[in-house]
Amino acid sequence: MSRAYNFCAGPAALPAEVLLQAQQELVDWRGKGLSVMEMSHRSDEFVSIATTAEKDFRDLLSVSDDYEVLFLQGGASAQFSMVPLNLLRGKKSSAYVNTGIWSQKAIAEAKKYCDVAVVSSAESTKFSEVPTQETWSSVSGAAYVHYTPNETIGGLEFDWVPEVDGVPLVADMSSCILSRPLDISQYGLIYAGAQKNIGPAGLTIVVVKKDLLGGALPLTPAMMDYKIAADNASMYNTPPTYAWYLSGLVFQWLKRLGGLDVIGEINRRKAEKLYNAIDNSEFYANPIKVGSRSRMNVPFTLRDDALNGVFLAEAERAGLLNLQGHRSVGGMRASIYNAMPEEGVDKLLEFMSDFERKHG
Ligand SMILES: *Cc1c(COP(=O)(O)O)cnc(C)c1O
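Residues numbered from 1 in each chain as written. Predicted model: local features only at pLDDT ≥ 70, side-chain atom pairs only at ≥ 80, totals over all residues. Heavy atoms only, no water.

Engineer: Residue-level account of the environment of Pro181, with values.
Structural biologist: Along the chain, Pro181 turns up in the loop between strand S8 (169–172) and strand S9 (189–193). Distance in space between the C-alpha atoms of Pro181 and Ser62 is 9.5 Å, their sequence separation being 119 residues. (Helix = DSSP H or I, 4+ residues; strand = E, 2+ residues; numbered from the N terminus.)

Here is the structure:
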């Protein structure tokens, strides 16, 4: 077997151990004579897969019974609508923080349903720095406050949790969920598309405080109503069963590894190595201010953009895939989610240093 190191921002690398387990169970799941993909979502077998996955997810994040954990579809992008549809609850305005492209997409969608106050924006620093809380406008009166703890494209990450004076705090954690310890009790709702740090595309996880449910706007489609999803154990219709199962295997892998403290430390080390190498080089650069840098998505440029194509081609030959930066940023981006082993980052550093020696 030959596995490359895949630095794709999403759909992203999955742990090899998990893929091998899925392969082993693919055709005949635990002697039942069928694949998980072929099971009724109402069968005892699948219900046990689903409830085990939820339990393991709750264990990892210490999610209390005050919260529902929902397994939905539509990606994080569907949440851009579901959050206002469900959480306005009679209020007319919401508060958003703009730290980059994903924040902006969430804001554009929310504007269809309510007044949006952008209480803080990183625009003045060209999205190179998370704006400190002292610079934010007041969030009082807003139905909720929405922010994006990790901007996957720009590579900007909060290393603190906003204070919101009792207003429900909502976070798009698509690219940072399960990457480090998190105190869920500080949030009203968090959501994440699975394809970055959870499992395969097609599944979206929402964790929502129970007391926020039940007030969706009357025109809310049934498929977008959290209360309906919760009342039906995320099986109001057919859920993405295989993605749910595979995500469950990832949760078990994380638990075996030692949970979020352990993976958080590994992730801290991986990112630190990579940023150190970039900062210590005259050839590579990262535009984000120290303290606001993402641990998951590390964008970097080469001194000469004309070398980008050569860099990518040589990297691919060295078994380092998908390092091209987002089209809106250019340059390179190394996404180093949970499933990227530290050896993968070491290999990348070795390659970058060789490349600099050859072309610098
Ligand atoms: C990838 C991503 C999205 C979009 O996710 P989809 O599941 O494709 O809708 C939204 N927000 C963030 C922070 C992301 O990283």
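Engineer: I'd like to hear about unusual backbone geometry, residue by residue, with values.
Structural biologist: Going from Gly10 to Pro11, the amide bond is cis rather than trans, its omega being -10°. Non-glycine residue Ser62 carries a positive phi angle of around 45°. For Ser62, the location among the structural elements is in the loop between helix H2 (44–61) and strand S2 (67–72). By relative accessible area, which is 58% here, Ser62 ends up exposed. Phi at Leu178 is positive, roughly 65°, even though this residue is not glycine. Topologically, Leu178 is positioned in the loop between S8 and S9. (Buried < 20%, exposed > 50% of the residue type's maximum accessible area, 1.4 Å probe, protein only.)

Engineer: For a nonpolar patch on the surface, give the residues involved together with the corresponding values.
Structural biologist: Together, Leu26, Val27 and Met37 give the surface a local cluster of nonpolar side chains, amounting to about 300 Å² of exposed area. Position of Met37 relative to the elements: it lies in the loop between helix H1 (16–25) and H2. (Patch = residues over 30% accessible without salt bridge, like charges linked within 9 Å, V, L, I, M, F, W, Y side chains within 5 Å. Areas by Shrake-Rupley, 256 points an atom, 1.4 Å probe, with all protein chains shown as cover. Salt bridge = Lys/Arg side-chain N within 4 Å of Asp/Glu carboxyl O.)

Engineer: Any chance you could break down the nonpolar core for me, citing the residues and the numbers?
Structural biologist: Formed by 59 residues in total, the largest nonpolar core has its most connected members in Phe57, Leu178, Ile205 and Val207. Ranked by residues supplied to this core, first place goes to helix H6 (residues 241–257) with nine residues. When sequence neighbours within four positions are dropped, the list of residues in contact with Phe57 reads Val69, Ile177, Leu178, Ile205, Val207 and Phe251. If you look at the next biggest cluster of nonpolar residues, it comprises 27 residues, including Tyr96, Cys114, Leu213 and Tyr226. (Core = buried A, V, L, I, M, F, W, Y, C linked by side-chain atoms within 4.5 Å. Contact = heavy atoms within 4.5 Å.)

Engineer: Describe in detail the side chain of Ser81, supporting the description with residues and values.
Structural biologist: Secondary-structure assignment places Ser81 in helix H3 (residues 75–87). We classify Ser81 as buried; its relative accessible area is 8%. Among residues more than four places away in sequence, those in contact with Ser81 are Glu109, Tyr113 and Met224.

Engineer: Give a detailed account of the site of the ligand, specifying residues and quantitative values.
Structural biologist: Taken together, 13 residues sit near the ligand, with Ser77, Thr152, Asp172, Gln195 and Lys196 positioned nearest. Here Gln195 contributes a side-chain N or O atom positioned 2.9 Å from an oxygen atom of the ligand. Burial of the ligand by the protein chains amounts to 87% of its free accessible area of 390 Å². Looking at side-chain class alone, the shell around the ligand contains three nonpolar, eight polar and two charged residues. (Near = heavy atom within 4 Å. Polar contact = N/O pair within 3.5 Å; in protein donor to acceptor, adjacent residues only side chain to side chain. Nonpolar A, V, L, I, M, F, W, Y, C, P; charged D, E, K, R; others polar.)

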